[in-house]
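# Reading the structure
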Amino acid sequence: MSGWIRRLLGPRWQHPDAQVRQQATQRLDANKPKDRQHLEQLALDKDASVRHAALALLKDPYRLLALMHEKATPELRQRLAALLCRGDEGLELSERRGLIDTLDDPLLLATIAFEGDNQQLRLDALARLDDEAMLIRQACDNGIAAVRHAAAERVESDEGLAHLARYARRDRQVSRRARERLDQRREDAAQVEAAQHNRERLLESLEQLGRQAWEPLYAGRYRHLVRQWKALEDWPDNDQLQRYQNACLACRKTLTDHEAQAHSQQTARQQREEADRTRRTLLNALQESLENLRKSDRISAQDLHSLAAQKRLLADRWQDLSDRHPPEAELQRHYNAILEEHERIAQAWERQERQAPLLEQALGNDDMTAIHQTLEACAWPDTLPPTHLLERARRRVTGAGITPADTQALATHIDEELATLEQHLARGRFKLANRAHQYLRSQLDSAPQEIQQRYTPSFKRLGAQLAELRDWRGFVAAPKRDQLCKALEALSEDQSLSDAMLDHRHRQLVKEWKELDDAAANREKSQRFRAASDRIHERLKGWRESLDQQRELNQQAREALCEQLEALLASPDDSADPDALREIRNRAREQWRYHSPIPRQQAAAQGRRFRQIMYGLQALIDQRARQIAEAKRELLAQAQALETSSLDAGQRAEQAKTLQRRWRELGRAPKGEEQTLWHEFRRLCDRIFAGRDAQRENHAQLAKERLDAMQALIDRLDIWQPSAYQDHRILAEFQAEAETLEPLPAGRRTTGMRKRWTGILRARRDQLQQLAVGEEVSRWQALQELLQAHLEADQAALNGELPPEVSPISALQGDMRWAHEQRNDARRGLGDKDRAQLDAEVEDRLQRLRIHLAVLAGYRIPPEDEPLRLAVQVERINKGLGREHDFSQESLPSDGLPQDGLPQELHRVLRELLATGPISTGLWEREAVELNAALHHLLAQSSHRS
């Protein structure tokens, strides 16, 4: 079907022509379902007029909302707005409010909020709006105040609030509320920024504190910063919280490290003190044993063996303590002295033991020569009590036998020893009792026959008790030995223990086994214990080898340390710092303790070597400290000489600073001496600096007094006003007084005073100059009679008459008298000159003087005289007249005014005017008017300025 046929036979509402479709809509009935569908299609037509016509017939808002979801057109929004805003077609308010809840088109909602016929309807539409630009428009232009306020309350951005504060002119409450909210936000933002700044400052302080080393106030500063952090009201962000935690960890680590170091130092100090106390106890015990040995009547092998065992125990314990903490020098000297004394006793005993058989044989043979030789070979010390054999030999040599007193003393001694043995047996002290029993046996064997017969029964009885005690020890020790065997066997099978713990437990069990001595000892148990111990030894073989290797490494490290220190001591630096040497000493001790343990056989020799090195290093430290003390005493003497020197206080202070720098560079003297020297040196330096400060204060006071005097002088000059030209002498006196106050101290006050002084001085000079000008004009006016006489004489001379001689008046002085004489001479020489040329020269000269005077007075000059004015100006410039003076740099001359000032220039002009002639009456009358006018103008200016 062709197009025209389709247009002819098709529905009119589908016609291609929009006007035809618009007309067709008028024939459609919205109440009929089919026509309503056609109208709904036409409501979405591409032509606006068709859409408008179709929408006018649709009355169901729900269908219109459905169409709205398909395509939102302006006509559709307008139709819905008409239905919802005004309640067209009988829509109730509640129904319209319910429909608004389903809307999501912002333009339609904005229209309803603007045009709705009910306030609540508008508020409902406003509640559905989310676009801030639309909310701002509602707050500015809506006709209902409640809607405006509700819209303004929903504006949240700073730009929106600023727009409301500026453009919401319809409602001042909206504008005010927007400004308040904006100010509040800005204040909140400022507070947040300040809080963030404060938090950042605290974080930076905490982080900086975490990077610093410990100081006495470190913990207090850390707690103060943490309290400040916790007192902040705002919450930190994650980054700040992480930084705070890291900074706190760093600070706590510094505190923990310091506490650990302090605890370590305290522990080390306590250990050193405990080691020193233990050393003193051991030394006192050995010293007491030596003293008891010297105080006894006789010495026996048991005494020497007991003393040797005590010495070995002391040496082992001393070496162990020295490996951990070096002893003090005094204790080491005491220890060495005791060892030397013990060594002398041991050597004497060895000599006695070697000579004992020969001495016995000599006594048996009664060979006095052999006895003497043997006693000399023994060389027994006189400070030691002799043995029984030596006592017999000495008595045999002296020829004295055993006296009854000796027998009685020996009996008393044996009674005491028997009582001691009986006490030990009663208290079950087997070892002490066994030792006392052996000692008594040796005493009785060497005692006389009657002593042996007297004490043998008691000795045998106590020996039987000792045998019973030995049997009882065996009865008690048998279960203990079984327990130790089982414990050691179980320990050898235990695989859960570490090698170090296994070795420690093994040593404990072996120690307990040895403490049982020979009580209940038998071969079977000994073999069981030894077999278990061998298994443990075999198990610990590798560990002990590694421990031996570590001991060897430690020994090598100690050897290297000793070699380094010996090399340092072999070639010490004469300028070495004692503090650096002390640091080397302390580090060497730390390294020595760190490289421990070492093989026992090398421990004693290496310990003595290290102690000798430490003694040498300490001596070097003391030597350098004494040298520094001497150097500081020289500095102290220089400071004392500097204090009493004739130098300026500032120079003394600078030299004192140099001495202080040299003092710091020297290092430290010995501890007690350093404090004394420093206090004296600081006292001298304080006095030197106090003198400098006093001088500065004196200079400052003098400078203040000069400034105050200058200020008073300026005030007086400001108040003073010159009344006549002769007052220039007063101004000169002001200048002279100001020169006596120079130089003034530099500063802003001085600069201001100089500016004011220069300004006032310039003003007073200008006043003097104006007064001089006025006085010059007044003097000229006083010469008018003389000038008139000259004019009359000039006219007479010009007329060919004999000119009269004009006499000077009393007011004529100085160069004006010369001008007067020149005027008379000019008339007298008139006959020899050309009259026309003379008139022309006089007229030209008079005109130049008139122009010159007008220039000085600033008076008007006719245009025809402009070339002459330029010529006068050039002449003045060439002669340096009329230039500006720098009054701040020149002094006042004797007459009070500059040589090329206005008064002098005026004086020269008036002098030339008086000297010019002869002048005809006509010429003078023509020029006198301008001359008098310029002078009056100049006089008026001078009066005004002054």
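Since the structure is predicted, the reported quantities are computational estimates derived from the model, not experimental observations.

Attention now moves to the overall build of the protein chain. Scanning the protein chain for helices and strands turns up 37 helices and zero strands. Residue burial in the protein chain is summarised as follows: out of 946 residues, 39% are buried. Intrachain contacts of the protein chain at a sequence separation of at least 6 include 69% that bridge at least 24 residues. Accessible area for the protein chain stands at about 54100 Å²; split by element, carbon and sulfur atoms hold 49% of it.

With an omega dihedral of -5°, the bond running from glutamate 742 to proline 743 counts as a cis peptide bond. Position of proline 743 relative to the elements: it lies in the loop between helix H30 (728–740) and helix H31 (748–782). Here the phi dihedral of alanine 379 falls at roughly 50°; this positive angle occurs in a residue that is not glycine.

A separate point is the layout of surface pockets. For the second largest pocket, the calculated volume is near 700 Å³. Around the second largest pocket sit 21 residues that line it, and Arg272, Pro326, Asn586, Arg589 and Arg593 are the ones nearest its centre. Looking at the lining of the second largest pocket, the elements with two or more residues in it are helix H15 (238–295), helix H26 (578–594) and helix H27 (600–643). In terms of residue count, H15 provides more of the lining of the second largest pocket than any other element does, eight residues in total. Residues that form the lining of the second largest pocket fall into these classes: six nonpolar, five polar and 10 charged.

The next subject is the pattern of salt bridges. Considering all chains together, one arrives at 39 salt bridges under this definition. Two residues, arginine 587 and glutamate 583, come together in a salt bridge whose shortest N-O distance is 2.8 Å. Of this pair, arginine 587 and glutamate 583 both sit in helix H26, separated by four residues, roughly a single helical turn. Across the pair arginine 911 and aspartate 815 runs a salt bridge whose closest N-O atoms are separated by 3.1 Å. Taken as a pair, arginine 911 in helix H36 (residues 902–915) and aspartate 815 in helix H33 (residues 815–828) lie far apart in primary sequence, 96 residues in all.

A few words now on empty space enclosed by the protein. Per the counting criterion, the structure on display carries two cavities of 30 Å³ or more. For the largest cavity, the calculated volume is near 40 Å³. Forming the walls of the largest cavity are Gln319, Ser322, Asp323, Pro326, Pro327, Trp592, Gly607, Phe610 and Arg611. Sorting the residues of the lining of the largest cavity by element identifies helix H16 (301–324) and H27 as the ones contributing at least two each. Tallied by class, the residues present in the lining of the largest cavity amount to four nonpolar, three polar and two charged. There is about 40 Å³ of room inside the second largest cavity. Looking at the second largest cavity, the residues that line it are Arg850, Ala854, Tyr859, Arg860, Pro862, Glu930 and Ala934. If you list the elements that add at least two residues to the lining of the second largest cavity, you get helix H34 (835–857) and helix H37 (921–945).

On to the environment of glutamate 737. In this structure, glutamate 737 sits in helix H30. For the pair glutamate 737 and alanine 709, spaced 28 residues apart in the sequence, the C-alpha separation amounts to 9.8 Å. Excluding anything up to four places from it in sequence, glutamate 737 contacts Leu713 and Arg716.

It is worth spelling out the environment of lysine 480 at this point. Note that lysine 480 resides in helix H22 (residues 449–493). On the accessibility criterion, lysine 480 (30% relative accessible area) is partly exposed. Each C-alpha atom of the pair lysine 480 and glutamate 512 lies 9.3 Å from the other, and the pair is 32 residues apart in sequence.

This part takes up helix H12 (residues 158–167). Where H12 is concerned, the buried positions are Gly160, Leu161, Leu164 and Ala165. Angular distribution of buried residues about the axis of H12 spans 135°; they occupy a single face of the element. Residues of H12 that are exposed and angled more than 90 degrees away from the buried face: Glu159 and Arg166. Looking at the buried positions of H12, the neighbouring elements they touch are helix H10 (132–141), helix H11 (145–153) and helix H13 (172–211).

With that out of the way, let us pick up the packing of H10 against H12. Where H10 contacts H12, the axes come no closer than 10 Å and their chain directions differ by 20°. The orientation of H10 relative to H12 falls into the category roughly parallel. Pair H10 / H12 crosses with right-handed handedness. Where H10 abuts H12, its residues Glu132, Ile136, Ala139 and Cys140 lie against Gly160, His163, Leu164 and Tyr167.

Another aspect to go through is the nonpolar core. Membership of the largest hydrophobic core comes to 44 residues, with the highest contact counts inside it found for Trp780, Leu906 and Trp924. The set of elements that each furnish at least two residues to this core consists of H31, helix H32 (784–798), H33, H34, helix H35 (866–878), H36 and H37. For this core, the leading source of residues is H34, giving 10 residues. If near-sequence neighbours (up to four positions away) are discounted, tryptophan 924 is found in contact with Leu787, Leu791, Leu846, Leu913, Ile919 and Leu931. In terms of nonpolar packing, the next biggest core, distinct from the first, is built from 28 residues, Ile112, Leu121, Ala125 and Leu135 among them.

To continue, consider the packing of aromatic side chains. For the structure on display, the rule yields six aromatic pairs. Geometrically, the ring pair formed by tryptophan 229 and tyrosine 244 is stacked, given 4.3 Å between the ring centres and 5° between the ring planes. You can see tryptophan 229 sitting in helix H14 (residues 218–231) and its partner tyrosine 244 sitting in helix H15, a full 15 residues away along the chain. The exposure classification of tryptophan 229 matches that of tyrosine 244, with both residues buried. Ring geometry for tryptophan 678 against phenylalanine 681: centres 6.2 Å apart, planes inclined by 40°, an arrangement best described as tilted. One end of the pair is tryptophan 678 and the other is phenylalanine 681, both in helix H29 (residues 671–719) and three residues apart, which spans about a single turn. Here phenylalanine 681 falls in the buried class, since its relative accessible area comes to 0%. It is arginine 199 that lies over the ring of tryptophan 229; its NZ or CZ is 4.4 Å from the centre. Residue placement shows arginine 558 over the ring face of tryptophan 592; its charged tip is 4.0 Å from the ring centre.

Turning next to the packing of helix H23 (residues 499–515) against helix H24 (residues 523–539). Across the interface, H23 lies against H24 with an axial gap of 11 Å and an inter-helix angle of 160°. Between H23 and H24, the angle is such that the two are roughly antiparallel. When you trace H23 past H24, the crossing you get is left-handed. From H23, Leu502, His506, Leu509, Val510 and Trp513 reach across to H24, where they touch Lys525, Ser526, Phe529, Ser533, Ile536, His537 and Arg539. Residue composition of the contact of H23 with H24, by class: six nonpolar, four polar and two charged.

Quick look at the state of the cysteines now. Any covalent bond linking the sulfur atoms of two cysteines counts as a disulfide. Within this structure, the stated rule accounts for zero disulfides. Residue cysteine 251 stays outside any disulfide, its sulfur separated by 6.4 Å from that of cysteine 248, the closest cysteine. By relative accessible area, cysteine 251 is classed as buried at 0%.

All right, on to H10 then. Looking only at H10, the buried set comprises Met134, Leu135, Ile136, Gln138, Ala139 and Cys140. Two or three places before alanine 133, at the opening of H10, aspartate 131 has a side-chain oxygen 3.3 Å from that residue's backbone nitrogen.

For the protein chain, the average pLDDT comes to 77, and 83% of its residues sit at 70 or higher. Confidence, expressed as mean pLDDT per element, reaches its minimum in the protein chain at helix H1 (residues 3–9) with 46 and its maximum at H30 with 87. The model gives residues 1–10 a pLDDT under 50, and that stretch makes four contacts with residues more than four places away or in other chains. Low pLDDT, under 50, characterises residues 884–899; the stretch is placed with 40 contacts to residues that sit more than four places away or in other chains.

Now for the side chain of arginine 582. Along the polypeptide, arginine 582 turns up in helix H26. Arginine 582 sits in the buried class, given a relative accessible area of 15%. Excluding residues that lie within four positions of it along the chain, arginine 582 makes contacts with Ile621, Ala625, Arg668 and Ala669.

Cut-off values and rules
Residues numbered from 1 in each chain as written. Predicted model: local features only at pLDDT ≥ 70, side-chain atom pairs only at ≥ 80, totals over all residues. Heavy atoms only, no water. Helix = DSSP H or I, 4+ residues; strand = E, 2+ residues; numbered from the N terminus. Buried < 20%, exposed > 50% of the residue type's maximum accessible area, 1.4 Å probe, protein only. Contact = heavy atoms within 4.5 Å. Areas by Shrake-Rupley, 256 points an atom, 1.4 Å probe, with all protein chains shown as cover. 1 Å grid on protein atoms, 1.4 Å probe; cavity = no way out; pocket = protein on both sides within 12 Å on 5 of 7 lines; lining within 4 Å. Points joined across faces, edges and corners; volume = space filled by probe spheres on them. Nonpolar A, V, L, I, M, F, W, Y, C, P; charged D, E, K, R; others polar. Salt bridge = Lys/Arg side-chain N within 4 Å of Asp/Glu carboxyl O. Arc of directions from axis to C-beta. Axes fitted to C-alpha atoms, helices over the stretch in contact; angles between N-to-C directions. Parallel < 35°, antiparallel > 145°, perpendicular 65-115°, else oblique. Left-handed = near helix turned anticlockwise from the far one by under 90°. Core = buried A, V, L, I, M, F, W, Y, C linked by side-chain atoms within 4.5 Å. Phe/Tyr/Trp six-rings, centres within 6.5 Å; stacked < 30°, edge-to-face > 60°. Lys NZ or Arg CZ within 6 Å of the ring centre and 35° of its normal. Disulfide = S-S within 2.5 Å. Polar contact = N/O pair within 3.5 Å; in protein donor to acceptor, adjacent residues only side chain to side chain. pLDDT = per-residue confidence, 0-100.

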